[in-house]
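# Descriptive analysis of the structure
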Amino acid sequence: MSDGEWTPVSTGEGLRVVLLLSGPNLNLLGEREPAIYGTDTLEDHVEAATDEAAKYGLTVEHVQSNHEGDLVDAVHWARERAVAIVVNPGAITHYGWSLHDALAAFDGPIVELHLSNTTGREPWRRTSVVAPVATGTIAGFGRLGYRLAMEAVADLLG
Ligand code: DQA
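Let me begin by describing the structure that accompanies this report. (Residues numbered from 1 in each chain as written. Predicted model: local features only at pLDDT ≥ 70, side-chain atom pairs only at ≥ 80, totals over all residues. Heavy atoms only, no water.)

### Observations concerning the site of the ligand
Test applied: It suffices for a single heavy atom of a residue to lie within 4 Å of a molecule or strand for the residue to be listed as near it. Any N or O atom pair separated by 3.5 Å or less is treated as a polar contact, with the protein-specific requirement of one donor-capable and one acceptor-capable atom, and with residues adjacent in sequence counted only for side-chain atom pairs. In short, Shrake-Rupley with a 1.4 Å probe defines the accessible areas, and a residue's cover is counted only from the protein chains shown. Using only the protein atoms, space was sampled on a 1 Å grid; points where a 1.4 Å probe fits but cannot get out form cavities, open sets with protein on both sides within 12 Å along at least five of seven lines form pockets, and lining residues are those with an atom within 4 Å of a point. If over half the atoms of a molecule are within 2 Å of the grid points of a cavity or pocket, the molecule is regarded as sitting in it. Only Asp, Glu, Lys and Arg are considered charged in this grouping, and only Ala, Val, Leu, Ile, Met, Phe, Trp, Tyr, Cys and Pro are considered nonpolar; every other residue, Gly among them, is considered polar.
Every residue close to the ligand is listed here: Arg32, Tyr37, Asn88, Gly90, Ala91, His94, His114, Leu115, Ser116, Thr118 and Arg125. Taking arginine 32, its side chain carries an N or O atom lying 3.0 Å from an oxygen atom of the ligand. One of the side-chain N or O atoms of serine 116 is found 2.6 Å from an oxygen atom in the ligand. Against a free-state accessible area of 320 Å², the protein chains account for coverage of 99% of the ligand. Put simply, the ligand lies in the largest cavity. Here the residues of the shell around the ligand sort into three nonpolar, six polar and two charged.

### Things to note about the nonpolar core
Soluble globular proteins tend to bury their nonpolar side chains together. As a reminder of what qualifies: To form a nonpolar core, buried Ala, Val, Leu, Ile, Met, Phe, Trp, Tyr and Cys residues must be joined to one another through side-chain atoms within 4.5 Å. Relative accessibility decides the category of a residue: with a 1.4 Å probe and only protein chains considered, values under 20% of the type maximum give buried, values over 50% give exposed, and everything between is partly exposed. What counts as a helix is a DSSP run of H or I of at least four residues, what counts as a strand is a run of E of at least two, and both are numbered from the N terminus. The contact definition used throughout considers only heavy atoms, calling two residues in contact when any of these lie within 4.5 Å.
Ranked by size, the top nonpolar core spans 22 residues in total, and within it Val18, Leu20, Val86, Tyr146, Met150 and Val153 carry the most contacts. Of all the elements in the fold, those that place two or more residues in this core are strand E1 (16-22), helix H2 (42-54), strand E2 (58-64), strand E3 (82-88), strand E4 (110-114) and helix H5 (144-157). In terms of residues, this core owes the most to one element, H5, which gives five residues. Those residues in contact with leucine 20, other than ones at most four positions away along the chain, are Val46, Ala49, Val60, Glu61, His62, Val63, Val86 and Tyr146. Core analysis: the second largest hydrophobic core is formed by 21 residues, Val63, Val72, Ala74 and Leu103 among them.

This is how it looks when you write it as structure tokens:
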């Protein structure tokens, strides 16, 4: 996705939209390091999140990009239209200060999500620049994490 290419689908009146944001390389899930990230595709995770969110009357808008600026643009979009953000920033987690700043300007619950247990892996993965602006983090639960994240959002929204 680059500026102008992404057309949000969930903009109807009265919808409670949750932006689900996926960072670099998550489009390769299913093929990419399955021993770490599992065999489900990103589409499978989005489906699980959408399904779980629907139980709470929430609509998921999903954006995946391999480019940090696109993720920033999506967060700006969410400022006007989404009630919460669930974000798996991929490797941008560990250095993406522009994403940090964009999320800091979002007024609502933010769940940081990782398939793997990032704190138990290489030392460089233990730093998250997103964590300081997230309401909380879910990591290490694989596919279940996407459902847990939507449950957390629903609970936080009340
Ligand atoms: C990840 C963990 C990151 O360290 C990594 O760069 C990813 C995926 C996860 O979901 O476990 O791309 O965010």
